[in-house]
Amino acid sequence: MLPALDPTVGRNYQNARFLATACDLAYFPAAEGVEKFRSTLGLKARLVEVDNTQVYICENEGAIVAAFRGTESPATLDGFKDWLLTNARNFLVLPEGRAGTDFAAAGVGARFHHGFLQALEEVWSQFYTAIDDAVLDQERPVWLTGHSLGGALALLAAWRLQKNFVKVHQVCTFGAPMIGNSAAAEAFHREFPGRIFRYVDTRDLVPKLPTMSLASNEYSHCLTEIPLGPAAAEDVIGNMARQTVDKVLEATWADELWTKTFQGVDCHLMANYIGRIEEQMG
C-alpha cells in the first residue's frame with residue numbers, strides 16, 4: 001500500500017516521512033521524477049521550472065503537494081556559498097512589486113532574503129496558477145515542502161498563497177535556512193500557528209544560515225523546529241561567536257564557517273533526513 005498524508009494531525013513523523021520522500025524525489029529531472037512520484041507516493045506530478053527554480057506540483061484524491069527542489073548539487077552544496085555567506089545582511093529587503101503587496105501584511109519591520117524572493121518570483125506565476133487550478137478542480141489540503149533552499153522557497157510561497165486566497169494546510173521543511181529577520185519570523189508564526197514544521201538535523205549547519213556577523217545576526221527562524229540526531233551536536237557557530245571580537249569580525253570567519261558547513265555536508269542530505277525521521281518512527 002502506498003503511503004498517504006494525514007491532514008487531521010499536526011506534527012507527525014508519518015507525514016514527515018511522506019514529505020521528506022517528496023523532497024528527495026524533487027531532485028529528479030521531469031520525466032523520471034513524474035514516474036517516481038506516481039509509483040512511490042501515488043501522486044500525479046508535473047515539474048514547473050523557470051531558470052534555476054524548480055517545484056513539483058503533485059496531487060491525488062486527498063492532497064495537493066508542492067515540493068520545491070533545493071540546490072542543484074546537494075552533495076556539494078554547490079551555489080549555496082554565494083547566497084548564504086556573501087553580504088547576507090544586504091539581502092534583507094522589503095519586497096517590491098506584487099510580492100511587496102503580498103508581504104505587506106508581515107508588518108513594516110519585516111525584511112526578507114532578497115535572493116530567495118527573486119528565486120520564488122521566477123516561478124511564481126506558473127506555480128500559483130497550477131496550485132489555484134488544482135484547488136478549484138477539487139478542494140483538498142495544500143501541503144508545501146522543500147529541502148535546503150527548497151524549504152526557504154516553500155515558506156515564502158506559503159505566505160504568498162495565503163495572501164492570494166489559497167489556504168495552506170501545512171509547511172514542512174528539511175535543513176532549511178532562515179528567510180528573514182525576527183519581525184518576518186513572528187509574522188509567519190501569526191499567519192501559520194501550529195502549521196510550520198522545520199525538521200533540523202542537529203549537526204547540520206545550513207539551518208543556522210545565512211549570517212553575516214556572528215556577533216549580531218539579523219536573521220531569525222520561523223517556528224517550530226523539530227530537532228533530529230544527536231542532542232549534543234557541536235555548536236559550531238556558538239563556539240566561533242565565543243572567540244574574541246576581533247576574530248569574529250575578521251573577513252576569514254565566513255570562509256571558516258563555509259569550510260565547516262561543507263565538511264558536514266552528509267548530514268544535510270535528504271538521505272540523512274529520511275533516515276533520522278525513520279529512527280523516530282521506530
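Model, not experiment: these values are computed from the prediction.

Once that is clear, we can look at the overall build of the protein chain. Secondary structure summary: the protein chain contains eleven helices and eleven strands in total. A total of about 12400 Å² of accessible surface is found on the protein chain, and carbon and sulfur atoms cover 51% of it.

Counting all residues, the mean pLDDT for the protein chain is 85, and 79% of those residues have values of 70 or more. The low-confidence segment residues 85-89 (pLDDT under 50) makes 15 contacts with residues lying over four places distant or belonging to another chain.

A full pass over the atoms with the stated rule returns eleven salt bridges. The salt bridge partner of Arg-38 is Glu-35, with a shortest N-O separation of 2.5 Å. Here Arg-38 pairs with Glu-35, and both are found in helix 2 (residues 30-41), just three residues apart, close to one helical turn. Between Arg-198 and Glu-225 there is a salt bridge, with the nearest N and O atoms lying 3.2 Å from each other. You can see Arg-198 sitting in strand 9 (residues 196-201) and its partner Glu-225 sitting in strand 11 (residues 225-228), a full 27 residues away along the chain. Residue classification places Arg-198 among the buried positions, given a relative accessible area of 5%. Connected via shared salt-bridge partners are Arg-98, Asp-102, Glu-121 and Arg-160.

Time to look at the packing of helix 6 (residues 149-163) against helix 7 (residues 182-191). Their axes nearest at 12 Å, the elements helix 6 and helix 7 cross at an angle of 55°. By the angle class used here, helix 6 and helix 7 are oblique. Once helix 6 is placed against helix 7, the crossing between them reads as left-handed. Of the residues in helix 7, those in contact with Leu-155, Leu-156, Trp-159, Gln-162 and Lys-163 of helix 6 are Ala-187, Phe-188 and Glu-191.

Another aspect to go through is the nonpolar core. Phe-68, Phe-112, Phe-127, Ile-131, Leu-144, Leu-156 and Phe-188 are the most contacted members of the largest nonpolar core, which has 44 residues in total. Among all residues touching Ile-131, those that are not within four sequence positions of it are Ile-57, Ile-64, Ala-66, Val-142, Leu-161 and Val-166. In terms of nonpolar packing, the next biggest core, distinct from the first, is built from 31 residues, Val-65, Phe-197, Met-270 and Tyr-273 among them.

A few words on the environment of Trp-159. Here Trp-159 lies in helix 6. Separated by 56 residues in sequence, Trp-159 and Phe-103 have C-alpha atoms that sit 7.5 Å apart. When near neighbours in sequence (up to four residues on either side) are disregarded, Trp-159 contacts Asp-102, Phe-103, Ala-105, Ala-106, Ala-187, Phe-188, Glu-191 and Phe-192. Polar side-chain contacts of Trp-159 include one of 2.8 Å to the backbone oxygen of Asp-102.

Contact geometry for helix 1 (residues 13-25) and helix 2: axes closest at 10 Å, N-to-C directions at 160°. As summarised for this structure, helix 1 and helix 2 are arranged roughly antiparallel, according to the angle between their axes. Between helix 1 and helix 2 the crossing geometry is right-handed. Contacts between helix 1 and helix 2 pair Phe-18, Thr-21, Ala-22 and Leu-25 from the former with Lys-36, Phe-37, Thr-40 and Leu-41 from the latter. Classifying every residue of the contact of helix 1 with helix 2 gives five nonpolar, two polar and one charged.

When you line up the elements, Asp-201 lands in strand 9. Assessed through its relative accessible area of 0%, Asp-201 is described here as buried. A polar atom in the side chain of Asp-201 sits 2.8 Å from the backbone nitrogen of Arg-203. Beyond its immediate sequence surroundings of up to four residues, Asp-201 is in contact with Leu-228, Cys-267, Asn-272, Tyr-273 and Arg-276.

By the bridge criterion, seven bridges tie strand 1 (residues 44-50) to strand 2 (residues 53-59) in an arrangement that is antiparallel. Bridge pairing in strand 2 places Glu-49 opposite Gln-54.

Evaluated as defined, the whole model comprises twelve aromatic pairs. Across from the ring centre of Phe-28, 4.8 Å away, lies the NZ or CZ of Lys-36, which sits over that ring. Positioned above the aromatic ring of Trp-124 is the side chain of Arg-160, whose terminal nitrogen or guanidinium carbon lies 4.3 Å from the ring centre.

To continue, consider the sheet that holds strand 2. Pairing between the strands of a sheet comes from backbone hydrogen bonds, and it takes one of two forms, parallel or antiparallel. Strand order in the open sheet made by the seven strands is 1-2-3-6-7-9-11, with mixed pairing throughout. Edge positions in the sheet fall to strand 1 and strand 11, since each has one partner strand and no second. Taken pair by pair, the neighbouring strands of this sheet meet at an average axis angle of 15°, ignoring direction. Strand contacts of helix 6: strand 2, strand 3 (64-68), strand 6 (142-147), strand 7 (170-174) and strand 9, with the helix running at about 155° to strand 6, the strand carrying the most contacts.

So, how was this worked out
- Residues numbered from 1 in each chain as written.
- Predicted model: local features only at pLDDT ≥ 70, side-chain atom pairs only at ≥ 80, totals over all residues.
- Heavy atoms only, no water.
- Helix = DSSP H or I, 4+ residues; strand = E, 2+ residues; numbered from the N terminus.
- Areas by Shrake-Rupley, 256 points an atom, 1.4 Å probe, with all protein chains shown as cover.
- pLDDT = per-residue confidence, 0-100.
- Contact = heavy atoms within 4.5 Å.
- Salt bridge = Lys/Arg side-chain N within 4 Å of Asp/Glu carboxyl O.
- Buried < 20%, exposed > 50% of the residue type's maximum accessible area, 1.4 Å probe, protein only.
- Axes fitted to C-alpha atoms, helices over the stretch in contact; angles between N-to-C directions.
- Parallel < 35°, antiparallel > 145°, perpendicular 65-115°, else oblique.
- Left-handed = near helix turned anticlockwise from the far one by under 90°.
- Core = buried A, V, L, I, M, F, W, Y, C linked by side-chain atoms within 4.5 Å.
- Polar contact = N/O pair within 3.5 Å; in protein donor to acceptor, adjacent residues only side chain to side chain.
- Nonpolar A, V, L, I, M, F, W, Y, C, P; charged D, E, K, R; others polar.
- Pairing = 2+ DSSP bridges.
- Phe/Tyr/Trp six-rings, centres within 6.5 Å; stacked < 30°, edge-to-face > 60°.
- Lys NZ or Arg CZ within 6 Å of the ring centre and 35° of its normal.

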